[in-house]
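# An overview of the molecular structure
Residue strings, one per chain:
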Amino acid sequence: MTTIKATKYKFRHLARVIIEAKTPTAVGSGEKDITTDSLVATDVNGLPYIPGTSLAGVVRSMIGEEESKQFFGYQEGSKKGWGSEIVFTEAKILNSAGEIIDGLDLEAIEKDPLLMNYKELPIRQHVNITDKGVAKDGGKFDEQIVFAGTRFCFELEMVSGEEEDKNFKTILSQLLNNTFRIGSGTRKGFGEVEVIDLKKRTLNLEKSDELEIYLDKSSALNSIFWDKVDFETIKTQAHSDWIKYKLNLQPEDFFLFGSGFGDDEADMTPVRGKKVFWTNGKGVLEDNLVLIPATSVKGALSHRVAFHYNKLKGYYVGNDKAKTGCENDAVKALFGYESQDEKIQKRGNLIFSDIIEQKETEEKLLNHVSIDRFTGGAIEGALFTEKTSFGRDLTFEMSILAKKEAFKGDKVEEAFENALKDICSGMLPLGGGVNRGNGVFKGSVTKNGEPLQ
């Protein structure tokens, strides 16, 4: 005869969450192929998904190592520690009808008008530009991404001895935090997500009827169990440790954020974005959208912050303390750094988001030629054409979150805010061809909703 011991964990706190990627996401598989340096993780159906380890790891990091030990568990040595009290499932994709694709369905891509677009995911090009305006050696790479607007669903379950468990509430609050990001590139515009739907329920397993409900519940994300649970009121929460800056930018005329490729008309074309838009629970992918990559803004800001920091500190040419790049103290505090031997790494304290908007821009072909000053003729191979976007009178919004601790250093905050003002005054052009007149923006910047003075 088997004896079942009593346990203090008589309650089960359950939640099902649907999130939407506000910007492209890149949850990597750790693999590459002949088309890209980094492939996203895909499930058995060949569709993008988010592993439960990624979700749990982000939440645990946001809560903090010490505080999260009590319910995420820990291991110290061979005898000290305990297991996690919470379980995250994988996050599975939703189709055009808002249905969760959970389980083997090899025809899902072929039969759904939205999912068929996931046969070939977009690839984003990246290049690391030095303070001299040229590409860093080995700094060119690309990665596969998932469309902005993609929706995923996952569940989480927590065992507890309390009917109202503050730890469970803490975990849910992190999902609603405006700093919650998933995957790689969260400091360069990727991974911003928003909770669209949240259902939760607590079951007392000492009650026979609730125990039966729990035992009958399917592990499938589209279980009918959730049909009987009401939606929770959803409100994104601002994190008190972060400052929100918002840029409102209007192009003066032409701007170019290059795709890295040409077409039949030009040697260089602007990068365009794709995004899923949802109406009444139905998802449709829109393409050829205006895309301003956060990486372009981040790179320009990084170099200008170094300039302003050196100026504010009085570090001029000839002064050994005048540093650029990751050797500059302000850049290190804001954008993170990696030591030359790669043994010391620190992630950045700024969070950027891509701009992907349904804006009508004109495309203009600009011809360029380099003239030989002695002969007056064109230099061989120096004739090229670029296709630029013309967006005068349009307004683009970009949010930047800055962690307060990054501003502890002397003059760091002032240097950063001066760089933001340079963008809004047209003194810091963005994108490609800035030395040819492209990328001049004018606008304004706010700090936690108040105009930046």
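Residues numbered from 1 in each chain as written. Predicted model: local features only at pLDDT ≥ 70, side-chain atom pairs only at ≥ 80, totals over all residues. Heavy atoms only, no water.

### Some points on the overall build of the chain
When you go through the chain residue by residue, the secondary structure sums to 8 helices and 22 strands. In terms of overall dimensions, the chain is globule-like: its C-alpha atoms have a radius of gyration of 25 Å, near the 22 Å expected for 453 residues. Across its three principal axes, the chain shows a C-alpha extent of roughly 100 × 55 × 40 Å. Across the 453 residues of the chain, 46% fall into the buried class. Expressed as a percentage of contacts within the chain between residues at least 6 apart in sequence, the contacts between residues at least 24 apart total 70%. Summed over all atoms, the accessible surface of the chain reaches about 24,100 Å², with 48% contributed by carbon and sulfur. One way to put it: in the chain the 60 positive side-chain charges average out to a point 6 Å from where the 71 negative ones average out. (Helix = DSSP H or I, 4+ residues; strand = E, 2+ residues; numbered from the N terminus. Rg over C-alpha atoms; globule rule 2.2 N^0.38 Å. Buried < 20%, exposed > 50% of the residue type's maximum accessible area, 1.4 Å probe, protein only. Contact = heavy atoms within 4.5 Å. Areas by Shrake-Rupley, 256 points an atom, 1.4 Å probe, with all protein chains shown as cover. Lys, Arg positive; Asp, Glu negative; His and termini not counted. Charge placed at Lys NZ, Arg CZ, Asp CG, Glu CD.)

### Digging into empty space enclosed by the protein
One way to see where empty space is left: roll a probe the size of a water molecule over the atoms. This structure, assessed with the given rule, holds 2 cavities of 30 Å³ or more. Here the largest cavity defines a volume of roughly 50 Å³. Around the largest cavity, the lining residues are Phe 255, Leu 256, Phe 257, Pro 270, Val 271, Arg 272, Val 290, Leu 291 and Ser 389. Lining the second largest cavity, in full, are Arg 187, Lys 298, Leu 334, Phe 335, Gly 348, Asn 349, Leu 350 and Phe 352. Those elements that place two or more of their residues in the lining of the second largest cavity are α7 (329-335) and β16 (350-352). Among the residues making up the lining of the second largest cavity, the classes are represented as 4 nonpolar, 2 polar and 2 charged. (1 Å grid on protein atoms, 1.4 Å probe; cavity = no way out; pocket = protein on both sides within 12 Å on 5 of 7 lines; lining within 4 Å. Points joined across faces, edges and corners; volume = space filled by probe spheres on them. Nonpolar A, V, L, I, M, F, W, Y, C, P; charged D, E, K, R; others polar.)

### Brief notes about the packing of helix α1 (residues 52-63) against helix α4 (residues 166-175)
For the pair α1 and α4, interaxial distance at closest approach is 10 Å and the crossing angle is 105°. Overall, the two elements α1 and α4 adopt an arrangement that is roughly perpendicular. Along the contact surface, α1 presents Val 59, Met 62 and Ile 63, while α4 presents Thr 170, Ile 171, Gln 174 and Leu 175. Taken together, the residues of the contact of α1 with α4 sort by class into 5 nonpolar, 2 polar and no charged. (Axes fitted to C-alpha atoms, helices over the stretch in contact; angles between N-to-C directions. Parallel < 35°, antiparallel > 145°, perpendicular 65-115°, else oblique.)

### What about the sheet that holds strand β21 (residues 441-447)?
Spatial strand order, β16-β20-β10-β21-β22: 5 strands in an open sheet with antiparallel pairing. For this open sheet the edge positions go to β16 and β22 (450-451), each flanked by a neighbour on one side alone. Strand contacts of helix α6 (residues 294-313): β16 and β20 (396-403), with the helix running at about 145° to β16, the strand carrying the most contacts. This element, helix α8 (residues 412-424), spans β10 (242-251), β16, β20 and β21 of the sheet and lies at about 145° to β21. (Pairing = 2+ DSSP bridges.)

### Quick notes on the layout of surface pockets
The calculated volume of the second largest pocket comes to roughly 590 Å³. Lining the second largest pocket are 30 residues, and of these Lys 22, Glu 192, Lys 244, Ser 353 and Ser 399 lie nearest its centre. Those elements that provide at least two residues to the lining of the second largest pocket are β9 (193-204), β10, β17 (355-357) and β20. Per-element accounting of the lining of the second largest pocket gives the leading share, 5 residues, to β20.

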